[in-house]
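Now for the letters of each chain:
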Amino acid sequence: MSTLPEALRPWAAQLSLFSEDLALSLGHHVARLAAALGPLRARNELEGGEPQGYDGLSRRGSPERLLMSEWLMALEAPDEFVRRAAFGEQSFLRTAFRQPQSGRRTVALLDAGPDQLGSPRIAHLALLVVLARRAEAAGATFSWGVLQSPPKKQPFSTVDAAAIGQWLKSANAAPPLQAQLAAWREVLELGRAPEDVWLVGGARLARLPGAEDLSRVAVDEVVAPGARQLSVEVRPASRPARQVVLDLPPAPQCVRLLRDPFAAAVAAPVLDASNGAVRSIHFSADGLRLMMAYANGSVSAQVLPQSPRDTVPKPKRFLLPSGERVVATGWRRTGGLLVVTWNQARLCLGVYGTLRGRQGHVWTIPHTALVEPLRFPLTGEPPLLALSLMREGRESVLVLDSTHTLRPLLGDERSLVQPLRGVTALFERRGGLFFVDRDRQEDRGMAMPRAGCLLPNAFDGWIQTLPVEGSGEAYFGHAKDSAQKDPGPPLAVRHQPGRWWVTRDSHDEKQGVMVTVAEGLRVVGLCCWPVETARPGLVVLGQDERTFYRVPADGVPEFLVTAPARVVTSCVSPAQPVLAWLTEKGEVCGWSFQHRALVYRSMPGGKP
């Protein structure tokens, strides 16, 4: 890896497994830990083997190995010869010895128990790099394994992608036991005084019987407000202990190192032929589930995995009853799939989902009880967005209709939930409903958009006018929750063609900046990863209708991912760093900004 700084070149072979940014972050830990461990001491000439000539100079030796120049000095300057002999400054030939082929070895046993999960494993990974290179430099073999794993399946003899991949999956809920250490000592044939064996883990390892004569590396997280550090204590068996404090890399790099350091994991395709092709997708109001509508009229709610290695959860499905069609879908705030259907024969709506304060699993509403604007226009294709809010102990169903008006289904609930008109963005988080609308008494086409939040109690949220003009097309973005403060989530609102107002806190309009989007790029959402970024970036779809880009504050597009076919519909979750799209071939994909990889891939009714 030619881009590594000179100080990291000794570990270039091991660090080349990782991408450049991860190699640099891990390399800083490697250099500091290598200094703390020190080199593996070479066997000196007194440790035996057959003599095999000379391999250098030494300050100590017998007279017959004294250099000829020293004898010349004895003849020409005897006083200087005596002085050099007295102060140990004379030079002797150093005898070389043939070492036995069995040679030396370094062994590392890693604790994968509960107190070493998470960030301490980053220090474990750096130690593996250090020990592998340290053994190689001394001509020793290197073996390593996980204390909680059966010795028969290990040890590993190399530090490569395959071995590290197995180590990443070896997390264990149980601490290491004496029997496990004894089993490893037996399999590895570690005698009473093993030469270079390291136990890596928490302080509890020192209390295990059989660990007294082994070298140890204790890794602990630094517990302090705002600290993102690891405390590493290196305790060689025959030398004084050394303490090292390591600063953790940025959070996104920590996640990649612990979940997919080689960016090799890909989401396994999910095949589903039971519901036919997907015809539309959108995220639920809370952004946690991808709502999919199928050609046969059924719908499902799919939780997207958080990484390519995660197991894909089974979706929550709704099979359409005969004679009905789906007009709106969503996810209830209290949990559960929410589906609104229309029965033309009976002229009524069916609300499926156990609602608090209402009887039964299906709630039937005759068209005469509906709000006047909803009696006929509920013919949305694809299904409209539905959600629920708690009002006075009763769960109310709201629908964002085809006129972009969010209103309750029942006319008698208008006093509890006031309609919002001209809604262009919705996001339900922690009980609050964030929105962007143009709800004015005057012409909404001329009114400036406003952002606000409705909390469980009516009219106790906040509403403010935004400093933008134009259509008001808007997208909320992902933000880290805070128990102390509830600011508005990140927000992007279209100001003029090619100009978007982007802010990290929609509750504070002074934080916004204008972002320019090049002609031909279509904005589909807002990217807020990493969460610490000062300015969110717009997610746009390129002119080829396949390639996605991120457009930061400077307006220069940054490539994200290319879909396998032309994209029909795409959306970005406001609650998670995930982009989803539907292609013209019916393939549904979920792509993680965090891992920069597919975490979900489905081709209902076909092959990937």
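Residues numbered from 1 in each chain as written. Predicted model: local features only at pLDDT ≥ 70, side-chain atom pairs only at ≥ 80, totals over all residues. Heavy atoms only, no water.

Chemist: Please set out the overall build of the chain residue by residue, giving values where relevant.
Modeler: When you go through the chain residue by residue, the secondary structure sums to 8 helices and 36 strands. Taking all 608 residues of the chain together, 50% fall into the buried category. The long-range fraction of contacts in the chain, counting pairs at least 24 apart against all pairs at least 6 apart in sequence, stands at 50%. When the accessible surface of the chain is summed, it comes to about 28,500 Å², and 53% of that surface belongs to carbon and sulfur atoms. (Helix = DSSP H or I, 4+ residues; strand = E, 2+ residues; numbered from the N terminus. Buried < 20%, exposed > 50% of the residue type's maximum accessible area, 1.4 Å probe, protein only. Contact = heavy atoms within 4.5 Å. Areas by Shrake-Rupley, 256 points an atom, 1.4 Å probe, with all protein chains shown as cover.)

Chemist: Mind laying out the sheet that holds strand β25 (residues 474–476), listing which residues take part and the relevant values?
Modeler: Spatial strand order, β25-β26-β27-β28: 4 strands in an open sheet with antiparallel pairing. Two strands close off the open sheet at either side, each with one partner strand: β25 and β28 (513–516). Recorded for the sheet is a direction-independent mean angle of 30° between the axes of neighbouring strands. With 3 bridges connecting them, β25 and strand β26 (residues 491–496) associate as antiparallel partners. Within β26, the residue paired with A474 across the bridge is V493. (Pairing = 2+ DSSP bridges. Axes fitted to C-alpha atoms, helices over the stretch in contact; angles between N-to-C directions.)

Chemist: Give a detailed account of the pattern of salt bridges, specifying residues and quantitative values.
Modeler: Scanning all chains against the criterion turns up 20 salt bridges. One salt bridge in this structure joins R204 and D115, with 3.4 Å as the shortest N-O distance. Here R204, found in the loop between β5 (197–201) and β6 (215–221), pairs with D115, found in the loop between β3 (105–110) and α5 (120–137); they are 89 residues apart in sequence, far enough to count as distant. Classification of D115 by relative accessible area gives partly exposed; the value is 32%. Three or more residues joined by partner-sharing salt bridges are found here, namely E80, R83 and E89. (Salt bridge = Lys/Arg side-chain N within 4 Å of Asp/Glu carboxyl O.)

Chemist: Describe in detail the state of the cysteines, supporting the description with residues and values.
Modeler: All chains considered together, the criterion is met by 0 disulfides. Cysteine C527 remains unbridged, with the sulfur of C528 as its closest cysteine sulfur at 6.6 Å. (Disulfide = S-S within 2.5 Å.)

Chemist: Mind laying out the environment of A211, listing which residues take part and the relevant values?
Modeler: Residue placement: A211 occurs in the loop between β5 and β6. When sequence neighbours within four positions are dropped, the list of residues in contact with A211 reads L181, L199, L205 and R216.

Chemist: A description of the packing of helix α2 (residues 20–37) against helix α8 (residues 251–259) should follow, citing residues and the corresponding values.
Modeler: One can describe the packing of α2 onto α8 by two numbers: an axis separation of 11 Å at closest approach and a directional angle of 95°. With respect to α8, the element α2 is oriented roughly perpendicular. Seen from α2, the contacting residues are D21, L22 and S25; seen from α8, they are Q253, R256 and L257. Broken down by class, the residue content of the contact of α2 with α8 amounts to 2 nonpolar, 2 polar and 2 charged. (Parallel < 35°, antiparallel > 145°, perpendicular 65-115°, else oblique. Nonpolar A, V, L, I, M, F, W, Y, C, P; charged D, E, K, R; others polar.)

Chemist: Provide a residue-level description of the sheet that holds strand β30 (residues 537–541), including the pertinent values.
Modeler: The strand order β29-β30-β31-β32 describes an open sheet built from 4 strands, whose pairing is antiparallel. Edge positions in the sheet fall to β29 (522–527) and β32 (558–562), since each has one partner strand and no second. Direction aside, the axes of adjacent strands within the sheet are offset by 30° on average. As defined by bridge partners, β30 adjoins strand β31 (residues 547–551) across 4 bridges and the pair is classed as antiparallel. Residue V539 lies in a different strand from β31, and its bridge partner there is R550.

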